[in-house]
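Residues per chain, in single letters:
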Amino acid sequence: MFKSMSDFALFIGAVFFICAVIALVIEKVRTKRLLKVFEQDKDLIKFYKSKWSNENFRVVGIIIICYLIIACVGAVFKLTAVLIIASIALIIAYIIINLKMMAYVEEKVQNK
């Protein structure tokens, strides 16, 4: 599947791009829904997003580092299936993390 390291780098870049798009979509949709109900609490929503991000920075970092290690091992030993499974797992983990963040923000804003 990967003929050179540049193919590997492009694949990893595409996976991170997909994760970024997913995070952006989840955040925008859920924030828009929150703002419809709590329009005056725009700053509070931003505050709780940044608070959650600061508290869970290590979790996200560990997930990304583990993915990069697994991806590098998969690329070095030409284990394409491992690389693809790890990429799918990263995307799913990123979806779950962002949904948890928005659930936290919604709960805090509603219970202010």
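Up top you'll find the structure we're talking about.
Structural notes, computed from the coordinates. Here the structure is a predicted model, which means the values were calculated and not measured. Residue positions within a chain follow its written sequence, with the count starting from 1. Given that the model is predicted, a residue must reach a pLDDT of at least 70 before its local features are reported, and side-chain atom pairs must reach 80 or more before they are shown or counted; all residues, however, enter totals for whole chains, interfaces and linings. As a rule here, side-chain values cover all heavy atoms of the structure and leave hydrogens and water aside.

### Considerations on the side chain of Lys49
So, point 1. The helix and strand labels rest on DSSP assignments: H or I over at least four residues marks a helix, E over at least two residues marks a strand, and numbering proceeds from the N terminus. Here Lys49 is to be found in helix α2 (residues 42–55).
So, point 2. The classification of residues rests on relative accessible area computed with a 1.4 Å probe and restricted to protein chains. Under 20% of the type maximum is buried, over 50% is exposed, and intermediate values are partly exposed. By relative accessible area, Lys49 is classed as buried at 12%.
So, point 3. Nitrogen and oxygen atoms within 3.5 Å of one another constitute a polar contact, given that in protein one can donate a hydrogen and the other can accept it, and given that sequence-neighbouring residues count only through two side-chain atoms. Polar contacts involving the side chain of Lys49 include one to the side chain of Glu27, which spans 3.3 Å.
So, point 4. Once residues within four sequence positions are removed from consideration, Lys49 is found in contact with Glu27, Thr31, Met101, Met102 and Val105. Contact criterion: two residues are considered in contact whenever any of their non-hydrogen atoms come within 4.5 Å of each other.

### Here we look at the pattern of salt bridges
So, point 1. A pair is scored as a salt bridge if a Lys or Arg side-chain nitrogen falls within 4 Å of a carboxyl oxygen belonging to Asp or Glu. A full pass over the atoms with the stated rule returns 2 salt bridges.
So, point 2. Measuring nitrogen to oxygen at the nearest pair gives 3.3 Å for the salt bridge that ties Glu27 to Lys49. Of this pair, Glu27 sits in helix α1 (residues 5–37) while Lys49 sits in helix α2, placing them 22 residues apart in sequence.
So, point 3. The partly exposed category is assigned to Glu27, whose relative accessible area is 29%.
So, point 4. Note that Glu106 is salt-bridged to Arg30, the shortest N-O span being 2.9 Å.

### A word on the packing of α1 against helix α4 (residues 80–110)
So, point 1. As a rule, the C-alpha atoms of each element are fitted with a line to give its axis, helices using only the stretch in contact, and angles between N-to-C directions run from 0 to 180 degrees. Interaxial distance between α1 and α4 falls to 10 Å at its minimum, and their mutual angle equals 20°. Classified by the angle their axes make, α1 and α4 are roughly parallel. Considering the relative orientation of α1 and α4, their crossing is right-handed.
So, point 2. Looking at the contact of α1 with α4, its residues break down into 22 nonpolar, 3 polar and 4 charged. Any angle from 65 to 115 degrees is called roughly perpendicular, while one under 35 is roughly parallel, one over 145 is roughly antiparallel, and all others are oblique. Crossing handedness is read from the near helix: turned anticlockwise from the far helix by less than a right angle, it gives a left-handed crossing, and turned clockwise, a right-handed one. Polar here means any residue outside two lists: the nonpolar Ala, Val, Leu, Ile, Met, Phe, Trp, Tyr, Cys and Pro, and the charged Asp, Glu, Lys and Arg; Gly therefore counts as polar.

### Remarks on the packing of aromatic side chains
For any two aromatic rings, the description comes down to two numbers: the centre-to-centre distance and the angle of the planes.
So, point 1. Each pair of aromatic rings taken from Phe, Tyr and Trp, with Trp reduced to its six-membered ring, is defined by centres within 6.5 Å and is described as stacked if the planes are under 30 degrees apart, edge-to-face if over 60, and tilted in the remaining cases. Tallying each qualifying case throughout the model produces 3 aromatic pairs.
So, point 2. Seen from their ring centres, Phe16 and Tyr67 are 5.7 Å apart, and the 85° between their planes marks the pair as edge-to-face. Of this pair, Phe16 sits in helix α1 while Tyr67 is found in helix α3 (residues 57–76), placing the two residues 51 residues apart along the sequence.
So, point 3. Here the aromatic rings of Phe47 and Tyr48 are separated by 5.2 Å at their centres, their planes lie at 65°, and the arrangement is edge-to-face.
So, point 4. An aromatic cluster is built from Phe47, Tyr48 and Tyr104, whose rings are joined through pairwise contacts.

The values reported here are purely geometric and, on their own, carry no functional implication.
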